[in-house]
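Residue-level structure breakdown
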Amino acid sequence: MRVAPPRLVATEAAAALLRRLRASHGALMMHQSGGCCDGSSPMCYPLGEFIIGDRDVLVGIIDLRLAVGEVPTTLPSADVDAVPVWISGPQFQAWKHTQLVIDLVPGRGSGFSLEAPEGWRFLSRARAFSPEENAALAAEPPLLGAEYAEGARPPVPDAAQVVAAAVDACPVPGPPIG
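Residues numbered from 1 in each chain as written. Predicted model: local features only at pLDDT ≥ 70, side-chain atom pairs only at ≥ 80, totals over all residues. Heavy atoms only, no water.

The α-helix winds at 3.6 residues per turn, so residues separated by three or four positions along the chain end up facing the same way. Here helix α1 (residues 12-25) spans 20 Å end to end across 14 residues, near enough to the 20 Å set by a 1.5 Å rise per residue. All of the buried residues along α1 are Ala14, Ala15, Leu17, Leu18 and Leu21. Angular distribution of buried residues about the axis of α1 spans 160°; they occupy a single face of the element. A positive phi of about 85° marks Gly26, the residue just after α1. (Helix = DSSP H or I, 4+ residues; strand = E, 2+ residues; numbered from the N terminus. Expected span 1.5 Å × (residues − 1). Buried < 20%, exposed > 50% of the residue type's maximum accessible area, 1.4 Å probe, protein only. Arc of directions from axis to C-beta.)

Turning our attention to the pattern of salt bridges. Following the criterion strictly, the structure yields 4 salt bridges and no others. For Asp103, the salt bridge identified is with Arg125, shortest N-O distance 2.6 Å. Of this pair, Asp103 sits in strand β6 (residues 98-106) while Arg125 sits in strand β7 (residues 120-128), and the two are 22 residues apart along the sequence. (Salt bridge = Lys/Arg side-chain N within 4 Å of Asp/Glu carboxyl O.)

Let us now look at the packing of aromatic side chains. Tallied over the entire structure, the rule returns 2 aromatic pairs. Geometrically, the ring pair formed by Tyr45 and Phe50 is stacked, given 5.2 Å between the ring centres and 25° between the ring planes. On the basis of relative accessible area, Tyr45 is assigned to the buried category, the value being 13%. Ring centres 5.1 Å apart and planes at 90° place the aromatic pair Trp86 and Tyr148 in the edge-to-face group. Here Tyr148 lies in helix α4 (residues 145-149) and Trp86 lies in strand β5 (residues 82-87), a separation of 62 residues in the sequence. (Phe/Tyr/Trp six-rings, centres within 6.5 Å; stacked < 30°, edge-to-face > 60°.)

Note on sheets: strands pair through backbone hydrogen bonds, and any given pair is parallel or antiparallel. Taken together, the 4 strands give an open sheet; going across it, the order is β7-β6-β1-β8, and neighbouring strands pair in mixed fashion. Edge positions in the sheet fall to β7 and β8 (162-163), since each of these pairs with one other strand and no more. Where β6 lies against β7, 9 bridges are found, and the strand directions are antiparallel. Across the sheet, the residue bridging to Asp103 is Leu123, located in β7. (Pairing = 2+ DSSP bridges.)

If you walk across this open sheet you meet the 4 strands as β3-β2-β5-β4, and the pairing is mixed. Lying at the two open borders of the sheet, with one neighbouring strand each, are β3 (43-46) and β4 (57-63). Pairwise comparison of adjacent strand axes, ignoring direction, gives a mean angle of 25° for this sheet. Pairing analysis gives 4 bridges linking strand β2 (residues 28-32) to β3, with the strands arranged antiparallel. (Axes fitted to C-alpha atoms, helices over the stretch in contact; angles between N-to-C directions.)

Listed below in structure tokens is the structure:
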């Protein structure tokens, strides 16, 4: 059994919007560069429309087959139910001690991201890992873009990937989404 916690979870609201976007745009991917665009807003693209760099880090895969609390038994189909979430290598170094929580907040996403016209935007929130979790994660390095391109895939998660809300993550200013 895996000891390390997942590096990535998504809220129920974020997963629901990803399902709607998939119905309109096909397979999806997300990337968080920390560059000129909002560094806490992961960008959502049709799969393959953003070129992953060799040193980009796969934070995790959002499995659109799952409901809140469900644990997968297999990896999702790459062209249907998988939403790989990537982060630039330098930004991963700054965030590696936290679990990335993909959440949804009211507002307009970046003009490059698929949710821009939806009235919502994705937001990365974080939960700090405990010292024990950090030690377990150090023993399981994440996949890099070059490894993924060569066919390497992460193990099947043994923890829930979709959460009802990001209760343990840093709070979002303003009223909660209802």
